[in-house]
Amino acid sequence: MALENFNHTVRWSDFTTKESRPTGEDEDAHIEALSKAANMQGMKKDGKYKVSSIKLRLYVDKGASWAVKGTKTDELLQHEQRHFDITAIGARELHKRVLELRTDSTDELMEQMKTIETEIQGLTNELNELYDDQTDHSRKKARQQHWNTNINAIKKRDTGTLNELKKAVGKP
């Protein structure tokens, strides 16, 4: 699998320390987990265009990730880890779906790739928001454990998807 840092362990060193919460924030930490494509190669086979290889690198944007001084607990770090894991599941799904594409032109290939990327980013954002809402940023312990269990199980399976996670966590 050409996913770099898929199993990254989030550390407090991935965050910038703030003296207090930024204005309007109700959480003690925020992680900005991202994926970036590199080294994409395409080819034409049997009259169809496809991506033959692509590397996706997962990373934490330290400049956009922060934690309030004095609030850095193991529980909060594990909550932020699951945000990274949701992004990783989405990146894996993007990687798989892009490699499955077959189109009649390179323009169509690029258009379909962008459509998939937009769809997955939207679902990733939706799940990260739902995760925070349902767990109250790790404060609701039972809901946090429910999410931990489901994220871990879906991330562990090579075929686990964001839609499966959405279905698994449901509404409380």
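Details of the structure are given in the entry above.
Residues numbered from 1 in each chain as written. Predicted model: local features only at pLDDT ≥ 70, side-chain atom pairs only at ≥ 80, totals over all residues. Heavy atoms only, no water.

Caption draft 1: Quick look at the side chain of Glu80. If you trace the backbone, Glu80 turns up in helix 1 (residues 74-100). With no salt bridge to any partner, buried Glu80 finds its closest opposite charge in Arg139, at an N-O distance of 9.1 Å. A distance of 3.2 Å separates a polar atom in the side chain of Glu80 from the backbone nitrogen of Ile31. Excluding its chain neighbours within four sequence positions, the residues that come into contact with Glu80 are Phe15, Ala29, His30 and Ile31. (Helix = DSSP H or I, 4+ residues; strand = E, 2+ residues; numbered from the N terminus. Buried < 20%, exposed > 50% of the residue type's maximum accessible area, 1.4 Å probe, protein only. Lys, Arg positive; Asp, Glu negative; His and termini not counted. Salt bridge = Lys/Arg side-chain N within 4 Å of Asp/Glu carboxyl O. Polar contact = N/O pair within 3.5 Å; in protein donor to acceptor, adjacent residues only side chain to side chain. Contact = heavy atoms within 4.5 Å.)

Caption draft 2: Broad picture of the packing of aromatic side chains. This model, assessed by the stated rule, comprises two aromatic pairs. Seen from their ring centres, Tyr131 and Trp147 are 5.0 Å apart, and the 50 degrees between their planes marks the pair as tilted. Separated by 16 residues along the polypeptide, Tyr131 in helix 2 (residues 106-135) and Trp147 in helix 3 (residues 141-156) bring together distant segments of the chain. Classification of Trp147 by relative accessible area gives buried; the value is 0%. The residue whose ring lies beneath Lys155 is Phe6, and the NZ or CZ to ring-centre distance is 5.0 Å. (Phe/Tyr/Trp six-rings, centres within 6.5 Å; stacked < 30°, edge-to-face > 60°. Lys NZ or Arg CZ within 6 Å of the ring centre and 35° of its normal.)

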